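# Topology and contacts: notes
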Amino acid sequence: MKILVCISKAPDTTAKIAFKDNNTAFDENNVQYIVNPYDEWYALVRALELKETLGGTVTTISVGGADMEAIIRKAFAIGADDGVRIDGEPTDTYFVAAQIAAYAKQGAFDIILAGKETINYNGSSLGGMLAELLDMPYISMATKLDVAGSTATVECDIDGGTEVIECDFPLVLSAAKGMAEVRIPNMRGIMAARTKVLNVIPVIAADKLTEVKSYTLSQGRTTCKMIDAENAASLIEMLHNEAKVI
Amino acid sequence: MSILVYTEVSKGKIKKASLEAVNYAAHIASKTGTSATAIIINAGETSLDDLGKAGASKVLHINNSAINTSDSQVLTRILNHVADTEGAQMVIFSNDLTAKAVAPRLAARMKAGFVPGAVDYPNIDGGSFSVNKNVFSGKAVATYQVNSAKKVISLLPNSFQVTTDGAAVAAASFDVPADLLVSRIKVKEVKRESNELSLPEAELVVSAGRGMKGPENWGMIEDLAKQLGAATACSRPVSDIGWRPHHEHVGQTGIAIRPNLYIAVGISGAIQHLAGVNGSKTIVVINKDPEAPFFKAADYGIVGDAFEVVPKLIEAVKKFKASQN
Ligand SMILES: Cc1cc2nc3c(=O)[nH]c(=O)nc-3n(C[C@H](O)[C@H](O)[C@H](O)COP(=O)(O)OP(=O)(O)OC[C@H]3O[C@@H](n4cnc5c(N)ncnc54)[C@H](O)[C@@H]3O)c2cc1C
């Protein structure tokens with residue numbers, strides 16, 4: 001079984017968000033990058049578990065500059081066999097999907113996994129675009145993934161519940177919470193990561209369908225009105241008369 | 001030319017979030033001199049009048065039990081076909097879980113620029129089109145410019161008040177060629193949460209965290225929610241340890257919501273939690289620790305023991321509801 005896992009980087013969840021160049025670009029100063037949690041915790045770890053029980057390979061793929069390599073090495077340390085970096089700025093999701101699709105077409109992968117979203121752009125769109133460009137079924141928000149032979153059984157979130165779906169290879173999935181448990185790399189993994197093969201390939205031409213023109217920081221709240229615990233009931237009046245939300 | 005808007009039925013009614021998307025499409029249509037066409041699949045006997053009332057000039061009903069509506073590939077082919085037939089340059093979704101599977105696929109198929117989770121009306125100026133969406137898990141807003149002629153936009157639920165004061169239009173049935181319906185996925189089982197309000201669509205949410213000490217104490221949280229007509233949510237550790245189901249987990253790694261009212265009980269207000277709720281219009285925090293960081297992100301705060309405060313609130317809501325009748 002050949003599994004491809006899409007890995008992207010994201011600012012550490014506690015990073016202070018700031019913008020530069022007249023609010024047109026994200027300020028990376030003092031920002032620590034981590035592997036996007038959904039890609040690492042769920043997609044990658046589940047791929048590794050499947051490989052460990054059923055055999056096969058797990059390849060990671062990322063679109064980005066050389067600064068992406070620390071992220072890819074982390075995925076290696078956790079257990080990925082090898083990785084691909086497509087060397088270009090990930091300008092918009094369609095561009096990234098076009099790059100990964102072009103690579104995946106050559107690779108005969110059985111399962112392609114992405115995280116359900118990145119925590120910086122929160123798009124939830126890579127998996128869907130990729131599936132369309134590859135003309136494969138796509139199951140988003142998958143919380144469980146099992147494989148028997150060449151059939152995947154997937155549980156996924158739908159509005160107001162969950163669904164259990166069966167689909168033969170190949171398919172694309174986006175991974176959400178529940179699919180696996182976080183794995184901490186061990187010393188052997190970290191040592192092995194150094195010698196695993198990271199292929200760097202050039203980007204292909206793709207349209208820039210969208211672009212971010214500017215950013216604005218969300219406004220915090222100015223004051224919190226404190227209500228005495230003894231008087232908790234008065235909150236309900238305020239929510240009705242003042243905030244007008246009930 | 002028209003703007004296509006994808007809508008769904010849930011529990012015998014058109015989804016509120018779908019009506020919001022129709023309002024949104026009708027608004028854009030009025031700005032661009034086009035019209036909004038709503039599309040709905042297998043609505044059964046549900047009245048489709050609200051779609052017209054929400055602003056659709058045309059309602060297309062595809063009634064065909066052979067459609068596997070769980071398959072994003074099938075829905076994508078259908079919507080692409082309808083967009084072609086109708087000459088639609090833009091397709092609008094509500095950014096729910098169906099849209100998360102279908103909208104990016106459709107965008108890739110149409111080679112349309114895609115903005116997932118738009119939070120306000122687009123700015124349309126001559127040939128340029130831009131719209132805002134939350135990024136960095138709610139810590140910032142980005143203005144996305146869409147460069148392509150074709151566009152797919154999904155609207156973050158609860159961004160606008162829904163209005164249905166227009167006129168109903170008769171639904172026209174629409175047939176799709178059978179070759180679009182080939183599906184490679186089989187649905188083995190569907191588990192629906194019974195009677196629960198859908199969290200992303202809920203206007204009022206009561207949420208609780210580790211301060212509740214254990215799952216056996218959730219009765220009062222559910223009761224408060226029930227009295228208010230609110231949905232329930234929780235912090236991540238609470239769903240991690242299995243006190244509450246995963247789908248209630250809000251925050252950076254859970255779902256992001258923006259109800260009118262978010263009441264947080266026994267939740268410290270970690271940055272990752274706030275990321276999923278700070279778009280709420282009004283935030284109430286109940287915490288026994290006056291230093292809890294959540295108070296800095298709240299509109300109303302009560303420092304006190306949840307086990308004393310929540311029962312008082314339940315009583316107060318009951319009185320309030322009784323006085324409203
Ligand atoms: C990468 C990453 C992603 C994360 N994503 C999320 C996410 O999506 N969502 C999320 O919620 N968290 C997330 N977290 C976890 C987050 O950092 C916090 O640990 C978590 O939100 C804390 O949950 P809590 O507030 O329920 O518990 P605690 O932090 O333990 O807080 C409990 C609160 O209850 C109060 N309390 C205790 N007893 C009472 C009482 N009797 N009455 C009233 N108040 C009481 C305490 O004063 C305290 O403030 C993430 C963390 C990381 C590292």
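Thresholds applied
- Residues numbered from 1 in each chain as written.
- Chains lettered and ligands numbered in written order.
- Predicted model: local features only at pLDDT ≥ 70, side-chain atom pairs only at ≥ 80, totals over all residues.
- Heavy atoms only, no water.
- Core = buried A, V, L, I, M, F, W, Y, C linked by side-chain atoms within 4.5 Å.
- Buried < 20%, exposed > 50% of the residue type's maximum accessible area, 1.4 Å probe, protein only.
- Contact = heavy atoms within 4.5 Å.
- Salt bridge = Lys/Arg side-chain N within 4 Å of Asp/Glu carboxyl O.
- Polar contact = N/O pair within 3.5 Å; in protein donor to acceptor, adjacent residues only side chain to side chain.
- Near = heavy atom within 4 Å.
- Areas by Shrake-Rupley, 256 points an atom, 1.4 Å probe, with all protein chains shown as cover.
- Helix = DSSP H or I, 4+ residues; strand = E, 2+ residues; numbered from the N terminus.
- Nonpolar A, V, L, I, M, F, W, Y, C, P; charged D, E, K, R; others polar.
- Pairing = 2+ DSSP bridges.

### Quick notes on the nonpolar core
Grouped together as the largest cluster of nonpolar side chains are 56 residues, with contacts concentrated most on I100(A), I112(A), I62(B), I67(B), I78(B), F93(B) and V152(B). In contact with I112(A), other than residues within four places in its own chain, are L4(A), C6(A), A104(A), L130(A), L134(A), M136(A), L171(A), V172(A) and L173(A).

### So, the interface of chain A and chain B
Facing 79 residues of chain A, the contacting portion of chain B comprises 84 residues. Our enumeration of links across chain A and chain B arrives at nine salt bridges. With its nearest N and O atoms 2.7 Å apart, the salt bridge here joins K177(A) to D240(B). Where chain A meets chain B, there are 53 residue pairs in polar contact (both at pLDDT 80 or more).

### What about the site of the ligand?
In the region of the ligand, 28 residues are neighbours, and S235(B), T253(B), S268(B), Q272(B) and N287(B) sit closest. More than one chain lines the surroundings of the ligand; the residues nearby belong to chains A and B. Within the backbone of G211(B), one N or O atom sits 3.4 Å away from a nitrogen atom of the ligand. With respect to the ligand, the backbone of G254(B) contributes an N or O atom lying 3.4 Å from an oxygen atom. Computed on the free molecule, the ligand has an accessible area of 980 Å², of which 81% lies beneath the protein chains in the complex. Looking at the shell around the ligand, the elements that each hand over two or more residues are helix 6 (236–240), helix 7 (271–277) and helix 8 (306–324) of chain B. Counted by class, the shell around the ligand contains seven nonpolar, 15 polar and six charged residues.

### Regarding the pairing of strand 1 (residues 2–6) of chain A
All names here are of chain A. With respect to burial, strand 1 is a largely interior element, four of its five residues being buried. Sheet analysis places strand 1 next to strand 8 (residues 111–115), joined by three bridges and oriented parallel. From the neighbouring strand, L4 faces strand 8, where its bridge partner is I112.

### Looking at helix 2 (residues 69–78) of chain A
Within the sequence span of helix 2 of chain A, burial applies to I71(A), I72(A), A75(A), F76(A), A77(A) and I78(A). One or two positions beyond helix 2 of chain A, positive phi appears at G79(A), with a value near 145°.

### Here we look at the environment of T59(A)
Residues and elements named next belong to chain A. You can see T59 is positioned in strand 6 (residues 57–63). Separated by 15 residues in sequence, T59 and L44 place their C-alpha atoms 9.4 Å apart. Aside from chain neighbours lying at most four places away, what touches T59 is I3, L4, V5, D82, G83, V84 and F109. A polar contact of 2.8 Å, which involves the side chain of T59, links it to the side chain of D82.

### Looking at the pattern of salt bridges
All names here are of chain B. Within this structure, the stated rule accounts for 30 salt bridges over all chains. Residues D96 and K15 are paired through a salt bridge, measuring 3.2 Å at the closest nitrogen-oxygen approach. With a gap of 81 residues between them, D96 in the loop between strand 6 (90–94) and helix 4 (97–110) and K15 in the loop between strand 3 (13–14) and helix 1 (16–32) connect regions that are remote in the sequence. Looking at K15, the relative accessible area reads 8%, which means it is buried.

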